[in-house]
Amino acid sequence: MNQNEKRVLVLCTGNSCRSQMAEVLLNADLAGRVRAVSAGTRPQPGVAAGALEALRLAELPVEGLHPKDVESMAGEVFDLVVTVCDHAREACPVFPGTRHLHVGFHDPHGEPLASFVAVRDEIRARLVPEVAQALGVALDAPAQGE
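Residues numbered from 1 in each chain as written. Predicted model: local features only at pLDDT ≥ 70, side-chain atom pairs only at ≥ 80, totals over all residues. Heavy atoms only, no water.

Observations concerning helix α1 (residues 18–29)
Phase 1: In a regular helix each residue adds 1.5 Å, so 12 residues correspond to 16 Å; α1 covers 16 Å between its end C-alpha atoms and thus fits that length.
Phase 2: The element α1 is largely enclosed, with a buried count of 10 among its 12 residues.
Phase 3: For α1, the set of buried residues is R18, S19, Q20, M21, A22, E23, V24, L25, L26 and N27. (Helix = DSSP H or I, 4+ residues; strand = E, 2+ residues; numbered from the N terminus. Expected span 1.5 Å × (residues − 1). Buried < 20%, exposed > 50% of the residue type's maximum accessible area, 1.4 Å probe, protein only.)

Quick look at the structure:
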């Protein structure tokens, strides 16, 4: 990890779709400036197949993605905690001294792949710029020293 990278935690209820896609997109689009991880307030057993396929279609990495419990993040320091669903927003544990941002997205579970792709694209269009702005990092250039 680059010491200048800002740490971001993305929370959702199950950590099986929206937060996983957000983690991958933030790490791809803000590489060298942001290091994102995701977790859930009630993690599911696995990442949704539609979320994985939507990421693969965009040629984004999916290796090693797995749901994590937000409790496993206790004691870690983040520059920003982002919630991507209303339940996680309400159930979000306190991370003292950390800024919070909520940007909600539709849950595509049980819907066709096109819905997962639409949510992926919405996360890229809305969340990535909001996180960059909240952290004061550039969207289009890697961090110094890259």
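Points about the packing of α1 against helix α4 (residues 113–135)
Phase 1: For the pair α1 and α4, the least separation of the axes is 9 Å and the interaxial angle reads 55°. Here α4 runs oblique to α1, going by the angle between their axes. The handedness of the crossing between α1 and α4 is right-handed. In this structure, α1 uses R18, M21, A22, L25, L26 and D29 to contact α4, whose residues at the interface are F116, V119, R120, I123, R124, L127, V128 and V131. (Axes fitted to C-alpha atoms, helices over the stretch in contact; angles between N-to-C directions. Parallel < 35°, antiparallel > 145°, perpendicular 65-115°, else oblique. Left-handed = near helix turned anticlockwise from the far one by under 90°. Contact = heavy atoms within 4.5 Å.)

So, the sheet that holds strand β1 (residues 6–12)
Phase 1: Taking strand neighbours across the sheet as the criterion, the four strands line up as β2-β1-β3-β4 in an open arrangement whose pairing is parallel. Lying at the two open borders of the sheet, with one neighbouring strand each, are β2 (34–40) and β4 (99–102). Adjacent strand axes in the sheet meet at a mean angle of 25°, parallel and antiparallel pairs treated alike.
Phase 2: Bridge count between strand β3 (residues 80–83) and β4: four bridges; the pairing is parallel. By the bridge assignment, V81 is partnered in β4 with H100.
Phase 3: In this fold α1 packs onto β1 and β2, with an angle of close to 175° to the strand it touches most, β2. (Pairing = 2+ DSSP bridges.)

Remember that the coordinates give geometry; whether it matters functionally is a separate question.
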